[in-house]
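These are the residues of each chain, in order.
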Amino acid sequence: MGRPSATSRCSGQFPSGAAHRAVITCDVVQGAREHVVRRTYRSDWAPTGSPVTVGCDTKAYLAGFSSEVKGA
């Protein structure tokens, strides 16, 4: 069982200076009673065309993923 991760690589007709990042939402098991907390993690902004990856902590289950673009 591995650690969930998401990778983004935006390509296409974006204006100069546009950037993107990967977003992942995980259900993380915490505490002695092992309750579940939903957390969202975001990678750093990167220029379009460059791959970025973001992952969850251990004891986490994938709940969703997406990417965000700014400057487009």
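Everything discussed here concerns the structure shown above.
The model shown is predicted, which means the values in this text are computed figures rather than measured ones.

Student: Sorry if this is basic, but what is going on with the pattern of salt bridges here?
Tutor: Pairing is possible between side chains of opposite charge, provided their charged atoms come close. The tally for this structure, following the rule as stated, stands at four salt bridges. Between arginine 38 and aspartate 27 there is a salt bridge, with its nearest N and O atoms 2.8 Å apart. Here the residue arginine 38 occupies a position in strand β3 (residues 35–42), and aspartate 27 occupies one in strand β2 (residues 19–30), the gap between them amounting to 11 residues. The class for arginine 38 is exposed, based on a relative accessible area of 57%. With its nearest N and O atoms 3.5 Å apart, the salt bridge here joins arginine 42 to glutamate 68.

Student: Even after reading the chapter, I still don't get the environment of alanine 32, so can you show me in this structure?
Tutor: Note on placement: alanine 32 falls in the loop between β2 and β3. Of the residues examined, alanine 32 reaches a relative accessible area of 86% and is grouped as exposed.

Student: What is the right way to read the state of the cysteines from this model?
Tutor: Two cysteines form a disulfide when their sulfur atoms are joined by a covalent bond. Under the definition given, this model contains one disulfide. The disulfide partner of cysteine 26 is cysteine 56, and the gap between their sulfur atoms is 1.4 Å. In this pair, cysteine 26 sits in strand β2 while cysteine 56 sits in the loop between β5 (52–55) and β6 (60–70), placing the two residues 30 residues apart along the sequence. Cysteine 56 shares its class with cysteine 26; the two are buried. A disulfide-free cysteine, cysteine 10 has its sulfur positioned 19 Å from the sulfur of cysteine 56, the nearest such atom. Judged by relative accessible area, which is 11%, cysteine 10 ranks as buried.

Student: Just checking my understanding: could you explain the nonpolar core for this structure?
Tutor: As a rule of thumb, soluble globular proteins bury nonpolar side chains together. Of all hydrophobic cores here, the largest spans 11 residues; its members are Ala6, Ala22, Ile24, Cys26, Val28, Tyr41, Ala46, Val52, Val54, Cys56 and Ala60. For this core, the secondary structure elements donating two or more residues are β2 and β5.

Conventions we followed
Residues numbered from 1 in each chain as written. Predicted model: local features only at pLDDT ≥ 70, side-chain atom pairs only at ≥ 80, totals over all residues. Heavy atoms only, no water. Salt bridge = Lys/Arg side-chain N within 4 Å of Asp/Glu carboxyl O. Helix = DSSP H or I, 4+ residues; strand = E, 2+ residues; numbered from the N terminus. Buried < 20%, exposed > 50% of the residue type's maximum accessible area, 1.4 Å probe, protein only. Disulfide = S-S within 2.5 Å. Core = buried A, V, L, I, M, F, W, Y, C linked by side-chain atoms within 4.5 Å.

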